[in-house]
Amino acid sequence: MGNTTWEYNPSTNDWTERTAFEGSARESACAFSLGNYGYVLTGNSGSSYFDDIWVFHPNESENDDD
């Protein structure tokens, strides 16, 4: 588990590291994309279960103030 986020480009078969996922690291989560955004929801970490939803803006920098 981790919070590293990668973007895949199928045209070039390349991976680019993006801003880290700001939520808790998790497994068994659901994820999908809609337009230019990625979404991560639910999942668990050990015995902790999550019922949250995160939206990923791939072209924005991490904000330490939020």
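Cut-offs used in this document
Residues numbered from 1 in each chain as written. Predicted model: local features only at pLDDT ≥ 70, side-chain atom pairs only at ≥ 80, totals over all residues. Heavy atoms only, no water. Patch = residues over 30% accessible without salt bridge, like charges linked within 9 Å, V, L, I, M, F, W, Y side chains within 5 Å. Areas by Shrake-Rupley, 256 points an atom, 1.4 Å probe, with all protein chains shown as cover. Salt bridge = Lys/Arg side-chain N within 4 Å of Asp/Glu carboxyl O. Helix = DSSP H or I, 4+ residues; strand = E, 2+ residues; numbered from the N terminus. Buried < 20%, exposed > 50% of the residue type's maximum accessible area, 1.4 Å probe, protein only. Polar contact = N/O pair within 3.5 Å; in protein donor to acceptor, adjacent residues only side chain to side chain. Pairing = 2+ DSSP bridges. Axes fitted to C-alpha atoms, helices over the stretch in contact; angles between N-to-C directions.

Enquirer: Help me get a handle on a nonpolar patch on the surface, residues and values and all.
Expert: On the surface, a nonpolar cluster with roughly 380 Å² of combined accessible area is contributed by W6, Y8 and W15. Note that W6 resides in strand β1 (residues 5-9).

Enquirer: Describe the side chain of N44, and please don't skip the residues or the numbers.
Expert: Among the structural elements, N44 can be located in strand β5 (residues 44-45). Accessibility expressed as a relative area gives 9% for N44, which makes it buried. Only 3.2 Å separates the side chain of N44 from the backbone oxygen of G46, close enough to count as a polar contact.

Enquirer: If you had to explain the pattern of salt bridges to someone new, which residues and values would you point to?
Expert: Within this structure, the stated rule accounts for two salt bridges. Between R18 and E7 there is a salt bridge, with the nearest N and O atoms lying 2.4 Å from each other. Here E7 lies in strand β1 and R18 lies in strand β2 (residues 14-18), a separation of eleven residues in the sequence. Note on R18: relative accessible area 29%, which makes it partly exposed. D52 is paired through a salt bridge with R26; the nearest N and O atoms lie 2.7 Å apart. With D52 in the loop between β6 (48-49) and β7 (53-56) and R26 in the loop between β2 and β3 (30-34), this pair connects stretches of sequence that are 26 residues apart. Judged by relative accessible area, which is 22%, D52 ranks as partly exposed.

Enquirer: Describe the sheet that holds strand β4 (residues 37-41), with residues and values.
Expert: The strand order across the open sheet formed by three strands is β3-β4-β7, and the pairing between neighbours is antiparallel. Either end of the sheet is taken by a strand with one partner, and the two such strands are β3 and β7. Each strand axis lies, on average, 20° off the axis of its neighbour in the sheet, ignoring direction. Of the strand pairs in this sheet, β4 and β7 are connected by four bridges, and their pairing is antiparallel. Residue pairing across strands places G38 opposite F56, the latter belonging to β7.

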